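Breakdown of the fold
Letter by letter, the chains look like this.
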Amino acid sequence: MSLLRAHGLTAGYGPVTVLNGIDLEVNEGEIVVILGANGAGKTTTMRAVSGTIPRSGAVEFDGHDISRTSPDAIVRHGVAQVPQGRGTFPELSVEDNLRAGAITRRDGAGAVAADLQRWFEQFPRLAERRSQRAGSLSGGEQQMLAIARALMSRPKLLLCDEPSLGLAPLITKELFEVIERLNREEGLSVLLVEQNANLAMHMASRVYLLETGRIVASGSAAELSADDTIRKAYLGF
Amino acid sequence: MELFLQRLADGLSQGSVYALMALGLVIIYRGTGHLNFAQGEMALFCTYVVYQCGEWGIPIGLALPIGMIVGFALGAVTEVALIRPVAKKSPFAVFIVTLGLFQFLNWLDGAIWRDQPLPNSGVGSVQQQFPSLFPSKDTDFITIFGADIKLQSVGVFVLVLALTGVLFLLFNKTKLGLAMNAVASNAESAKLVGIRTNMVLMVSWGIATAIGALGGVVFAGINHNVNLTLMFTVFIYGSAAATLGGFDSPGGAVLGGLIIGVIENMAAGYADEWVGQQLKVGVAFVVIVVVLLVKPSGLFGTAKVERV
């Protein structure tokens, strides 16, 4: 069943159009990966879905039309975004960052505290630094915090914008394992943008290839890696 | 020693008013990065409303909350109707709009309340008698170490401490406070976790103006009158207090206000020859310049720290 469906999605910045009417779908329980070079429009796609930039075209989430919905209301529908560059609250403590992630929830302080505990167990390094300011964390820790913060809202769909950016390979691998586990064990749907194609392809249910604001290829990871030109251009082997 | 204690007490009660003004400035600045030049005049408008309630026979204890509610509404409406539309254009436009609002409100107060029968001779404007929140007759004082401390000074100081406590709880223990802190830290990300940033800004302006109203009423009470120039110097001292404490730190604003109140009274008292009553405002100016030169983020402001 389709959870997110975008049709003819167009977006940009001021007079510049970056995204030229793309069609995109994420089904429940899928990890969908968008691959593309710098400037292809990956981040713009994420922003257009989360409503943080002006966009046109149809966007449907979980049966609701969200093409004209404000970003905060989209979060309440169940979409959480981990923005590029992590976007943590640098002056707030690690714990307050996570609490802010749960701010839309209405299921009571007990449930929020339980989730807090859960992510602290999942990411012990965050637990050690729970009262430190987020701005003082390392890049990898901040990325974990950003993901944990997004998950605190109990989303149905997690948008991840280049989580591997600026991280050591080992940390990236660890992050991707966490995302995969959440997908497997909790049925969390994920839309993930990456330049690090190899790692991302490995866990993708489906892949879209984005080139200068258009989708030029899509299919399962196996199908795309079987295509010689794509493999050479994006996977480098 | 007695004189020192008396000046200290006077300074703390005077500083409490600056603290309230600084708190309002800081709460708005944290959310938007705007300095609200109309803060003092918005407070004055509410103070006149409280005065008017008094004219209608409503006791000050009831008139104060009415004034604060009017303040909340005034602040919220100002943010939604004036600040938000122009903030999209440029930050400079907000600066001009708050200056314009400063003038407009002062004119409005004059138009509404100037024609009342005047009890005192005023400087520059008509003064209306204003009741104090606390006992303020000449006999209302307590003696500590030989110094006569006015009950009013004690009351004002305790009031500000209590308000600081309430705000501490608001910022650290409530969802609204968390949302305000998040918007202050990173407004874009605040939207991404589902915070209604527009609502947070509206409420911030409301709270800031309600606190301003309290400050205006307290100050008018200390002076026993309200007039059109009442808040001019308070605004300047409040700005100095916020600069000293750090423009993004509510706790710093309170402490900054108290410090400046004490410095002002000590300077005017001990260096009467060359500071005196007329040059007191100069003290605020010196504090602003020195802080900006030595520690631009203020005593408790956060210098931006970020690892990548």
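Our subject is the structure listed above.
In every chain, residue numbers begin from 1 and rise along the written sequence. The naming scheme follows written order: chains are lettered A onward, ligands numbered 1 onward. Local features in a predicted model are, by the rule used here, given only for residues with pLDDT of at least 70; side-chain atom pairs are given and counted only at 80 or more, and totals for whole chains, interfaces and linings are based on all residues.

**Section: the sheet that holds strand E2 (residues 16-27) of chain A**
All names here are of chain A. Two strands pair if DSSP finds at least two bridges between them. Per the convention used, a helix needs a DSSP run of H or I reaching at least four residues, while a strand needs a run of E reaching at least two, with both numbered from the N terminus. The four strands lie next to each other as E2-E1-E4-E5, forming an open sheet whose pairing is antiparallel. Edge positions in the sheet fall to E2 and strand E5 (64-65), since each of these pairs with one other strand and no more. When strand E4 (residues 55-61) meets E5, the two strands line up antiparallel, connected through two bridges. Its bridge partner lying in E5, Glu60 is registered against Asp65.

**Brief notes about the interface of chain A and chain B**
Each residue is represented by a C-beta atom placed from its backbone, and any two residues with such atoms within 7 Å are regarded as in contact. Every contact between the two is made by 27 residues of chain A and, on the other side, 20 residues of chain B. Those elements giving two or more residues to the side of chain A that touches chain B turn out to be helix H2 (71-77), helix H3 (94-101) and helix H6 (139-151) of chain A. Classes in brief: Ala, Val, Leu, Ile, Met, Phe, Trp, Tyr, Cys and Pro nonpolar; Asp, Glu, Lys and Arg charged; the others, Gly included, polar. Looking at the side of chain A that touches chain B, its residues break down into nine nonpolar, 12 polar and six charged.

**A word on the sheet that holds strand E8 (residues 189-194) of chain A**
Residue and element names in this part refer to chain A. Spatial strand order, E6-E7-E8-E3-E9-E10: six strands in an open sheet with mixed pairing. Looking at the sheet topology across the chains shown, the edges are occupied by strand E6 (79-82) and strand E10 (214-219). Going from strand to strand, the sheet's axes swing by 15° on average, the running direction of each strand aside. Most of the contacts of helix H1 (residues 42-50) go to strand E7 (residues 157-161), to which it runs at about 150°, and overall it touches strand E3 (31-36), E6, E7, E8 and strand E9 (206-211). Here an axis means a line fitted to C-alpha atoms, over the contact stretch when the element is a helix, while the angle between two N-to-C directions is reported on a 0 to 180 degree scale.

**Focus: the environment of A:Arg105**
All names here are of chain A. Assignment of secondary structure puts Arg105 in the loop between H3 and helix H4 (108-122). A residue is classified by how many C-beta atoms lie within 10 Å of it, and Arg105, with 17 of them, is partly exposed. Arg105 sits 47 residues away from Met152 along the chain, and the two C-alpha atoms are 8.7 Å apart. Every residue in contact with Arg105, bar those within four places of it in the chain, is listed here: Val112, Ser153 and Arg154. Exposed residues have 12 or fewer other C-beta atoms within 10 Å of their own C-beta, buried residues have 20 or more, and partly exposed residues fall in between, where C-beta atoms are placed from the backbone.

**Section: unusual backbone geometry**
For A:Thr212, which is not glycine, the phi torsion reads 35° and is therefore positive. Within the secondary structure, A:Thr212 is located in the loop between E9 and E10. Taking the number of C-beta atoms within 10 Å as the measure of exposure, A:Thr212 has 13 and is therefore partly exposed. Residues other than glycine seldom take positive phi values, yet B:His224 does so here, at roughly 60°.

**Comments concerning the packing of helix H1 (residues 2-32) of chain B against helix H8 (residues 197-223) of chain B**
Residues and elements named next belong to chain B. Orientation of H1 relative to H8, taken along the N-to-C sense of each, is 165°, at an axis distance of 9 Å. The pairing of H1 with H8 is recorded here as roughly antiparallel in orientation. Note that H1 runs across H8; the crossing there is left-handed. Tallied by class, the residues present in the contact of H1 with H8 amount to 16 nonpolar, nine polar and no charged. Just so you know how the angles are binned, under 35 degrees is roughly parallel, over 145 roughly antiparallel, 65 to 115 roughly perpendicular, and the rest oblique. Helix crossings are classified by the rotation of the near helix relative to the far one: an anticlockwise turn of less than a right angle makes the crossing left-handed, while a clockwise turn makes it right-handed.

Interpretation note: all reported values are geometric properties and have no functional meaning in isolation.
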